[in-house]
Amino acid sequence: MVSDEYLRVTEFLDYDHPAVAEYARRHAQGAESPRQQIVQLYYAVRDGFLYNPYVLDLRRTGLKASTLLTRHSGYCIEKGILLAACARALGIPSRLSFYIVRNHIGTEKLERLLKKDYLVFHGAAELLLDDRWIKTTPAFNSTLCRYLGVDALEFDGTQDAIFQPYDSRGNVFMTYLHDYGAFSDMPYELYLSELRSHYQDALANKRYEREPLVYDFTCTDA
């Protein structure tokens, strides 16, 4: 039997918030099984929020599932948190997993600013369906994928869907370099520690810091 740690309300997976509970119910409506509920939620999160890795709100409140619902865009961690929170709202166990990746989608400018050719803490949601953990990331909306010449990640609830290994021409596209493991809630202190360790210079540059722990990399000449 799965531990209740994967079903409880947490600081970041705050599905007891009315907005999260309502969002989960609305997008799971009409589904005939938990698997179909998750599939419907996956597409709602994937395409309902534009992928934007250039504004990082690293405040604790900024990483809550309920906070994403006040926005029109988000990055992989925020969108993964929302999907995991919605799963728990429907009684489906969930957890979060994180990776270091190279050739991350749509982040070439950001990587120049960070002076690294990889991104740490790419986030995914894991759902327990039929006694098996399924990994998926709803980060990359379909319009962005078309623009970049990459097939959008499709998800049927039966197998992992966490990265696009090839672009539309069959070239190697995204590779996973490190697996941080799975967590029952957002490992906030580890996340900040890894960002500061890998991107110390960029995060110390005050021209990017809109306010404490909120970074805007959009208005640059990189």
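Description of the structure in this document. (Residues numbered from 1 in each chain as written. Predicted model: local features only at pLDDT ≥ 70, side-chain atom pairs only at ≥ 80, totals over all residues. Heavy atoms only, no water.)

## Quick word on the overall build of the protein
Stage number 1. Scanning the protein from N- to C-terminus turns up eight helices and nine strands.
Stage number 2. Whereas a compact globule of 222 residues would reach a radius of gyration of roughly 17 Å, the protein reaches 17 Å, a difference of no more than 12%.
Stage number 3. Taken over the C-alpha atoms alone, the protein extends approximately 50 × 40 × 30 Å along its principal axes.
Stage number 4. For the protein, contacts bridging at least 24 residues in sequence account for 67% of all contacts bridging at least 6.
Stage number 5. By element, 50% of the accessible surface of the protein is carried by carbon and sulfur atoms, the whole surface being about 10,200 Å².
Stage number 6. Considering the protein, the positive charge centre built from 25 side chains and the negative charge centre built from 30 side chains are found 4 Å apart. (Helix = DSSP H or I, 4+ residues; strand = E, 2+ residues; numbered from the N terminus. Rg over C-alpha atoms; globule rule 2.2 N^0.38 Å. Contact = heavy atoms within 4.5 Å. Areas by Shrake-Rupley, 256 points an atom, 1.4 Å probe, with all protein chains shown as cover. Lys, Arg positive; Asp, Glu negative; His and termini not counted. Charge placed at Lys NZ, Arg CZ, Asp CG, Glu CD.)

## Regarding the pattern of salt bridges
Stage number 1. For the structure shown, the criterion picks out 14 salt bridges.
Stage number 2. Put simply, R46 and D47 hold a salt bridge, and the shortest N to O gap is 2.8 Å.
Stage number 3. Across the pair R210 and D216 runs a salt bridge, and its minimum N-O distance is 3.6 Å.
Stage number 4. Taking the relative accessible area as the measure of exposure, R210 reaches 52% and is therefore exposed.
Stage number 5. Through salt bridges with shared partners, a single ionic network connects D57, R59, R71, E78 and E211. (Salt bridge = Lys/Arg side-chain N within 4 Å of Asp/Glu carboxyl O. Buried < 20%, exposed > 50% of the residue type's maximum accessible area, 1.4 Å probe, protein only.)

## Let's talk about helix 2 (residues 34-48)
Stage number 1. For helix 2, spanning 15 residues, the distance from its first C-alpha to its last is 20 Å, which sits close to the expected 21 Å at 1.5 Å a residue.
Stage number 2. Turning to helix 2, its buried residues are Q37, I38, V39, L41, Y42, A44, V45 and R46.
Stage number 3. Tucked into the core, helix 2 has its buried residues touching helix 1 (18-28), helix 4 (76-89), strand 5 (118-129), strand 6 (132-136) and helix 6 (142-148). (Expected span 1.5 Å × (residues − 1).)

Without other data, these values stay purely geometric and don't point to any function.
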